[in-house]
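Residue strings, one per chain:
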Amino acid sequence: MSAIQHNRTVLRTLEEGDQIEFNRGLYSHWAVYIGNGTVIHLTGENDGIGDGLKNPGKSFTICGKQFSKACVTKSDFWDVASDCKAKKNNDKDEKCSALSKFDIVRRAVSKLGEIGYNVLWNNCEHFSAWCRYDKAWSEQADRAVTGLTFLSIAAAGIGFIWAMTRGSSEPNHIKEKDETIRPMYQKEVITKLP
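Since the structure is predicted, the reported quantities are computational estimates derived from the model, not experimental observations.

Visitor: Just give me the short version of the overall build of the chain, but keep the residues and values in it.
Guide: Along the backbone of the chain there are 5 helices and 6 strands. Walking the chain from its N terminus toward its C terminus, one meets helices and strands in the order α-β-β-β-β-α-β-α-β-α-α. Going through the 194 residues of the chain one by one, you find that 36% of them count as buried. Of the contacts made within the chain by residues no fewer than 6 positions apart, 68% connect residues no fewer than 24 positions apart.

Visitor: Provide a residue-level description of the side chain of asparagine 7, including the pertinent values.
Guide: Locating asparagine 7 in the fold gives a position in helix α1 (residues 3–13). A polar contact is formed between the side chain of asparagine 7 and the backbone oxygen of cysteine 84, at a distance of 2.9 Å. A polar atom in the side chain of asparagine 7 sits 2.7 Å from the backbone nitrogen of alanine 86. If we skip the residues at most four places from it in the chain, asparagine 7 touches Phe77, Trp78, Ala81, Cys84, Lys85 and Ala86.

Visitor: Give me the nonpolar core: which residues, what numbers.
Guide: One finds Val32, Ile40, Leu42, Ala108, Phe127 and Cys131 to be the most contacted residues of the largest nonpolar core, which totals 14 residues. Contributing elements (two or more residues each) for this core: β2 (28–35), β3 (38–44), β4 (67–76), α3 (101–110) and α4 (124–133). Not counting chain neighbours up to four residues away, the residues in contact with alanine 108 comprise Val32, Ile40, Val72, Phe127 and Cys131. Val10, Tyr33, Val39 and Ala86 belong to the second-largest nonpolar core, a separate cluster that totals 13 residues.

Visitor: Which residues make up unusual backbone geometry, and what values go with them?
Guide: For asparagine 36, which is not a glycine, the phi torsion comes out positive at approximately 55°. Structurally, asparagine 36 can be placed in the loop between β2 and β3. Within the chain, aspartate 134 stands out as a residue other than glycine whose phi angle is a positive 60°.

Quick notes on the rules
- Residues numbered from 1 in each chain as written.
- Predicted model: local features only at pLDDT ≥ 70, side-chain atom pairs only at ≥ 80, totals over all residues.
- Heavy atoms only, no water.
- Helix = DSSP H or I, 4+ residues; strand = E, 2+ residues; numbered from the N terminus.
- Buried < 20%, exposed > 50% of the residue type's maximum accessible area, 1.4 Å probe, protein only.
- Contact = heavy atoms within 4.5 Å.
- Polar contact = N/O pair within 3.5 Å; in protein donor to acceptor, adjacent residues only side chain to side chain.
- Core = buried A, V, L, I, M, F, W, Y, C linked by side-chain atoms within 4.5 Å.

This is how it looks when you write it as structure tokens:
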């Protein structure tokens, strides 16, 4: 089924307040459906990621600094979907209580024009989850943080092992020098004995 046919089916099933996930390949873009083929989402150039693909310092900081590269916008569903497949995704309903449709849409509309983006702490998924659950939560950001943590721990472990093996070679080196000195010293002692 083509993306257009798929998205027509998805659009027919959407209700006000639903979260929509647009799979972009390496990441997903998220929006809140407000009815009449319209969504509200946190977006900018390339879904707010833009420069961050080439320069991560412009997408996130660990401290959570907000960048003025994305804003909350109302858009046509088809403009956001582009050539990717959309998915109605309210899976967080299993872990969080969804607000009423009216409150979800009201919250989304209340943020129109608001500027601020951080891929780890304030991205489009955080925004849509905040609208629906009153909890800014991004599972893809959580996975990224977990991955970064794992890589950091792995790098630290490799560094520790490297340091330990490098450090343990020095005593062997000193021991080898000590062995070459000892026989010379022993010869002197033996020859000096009466």
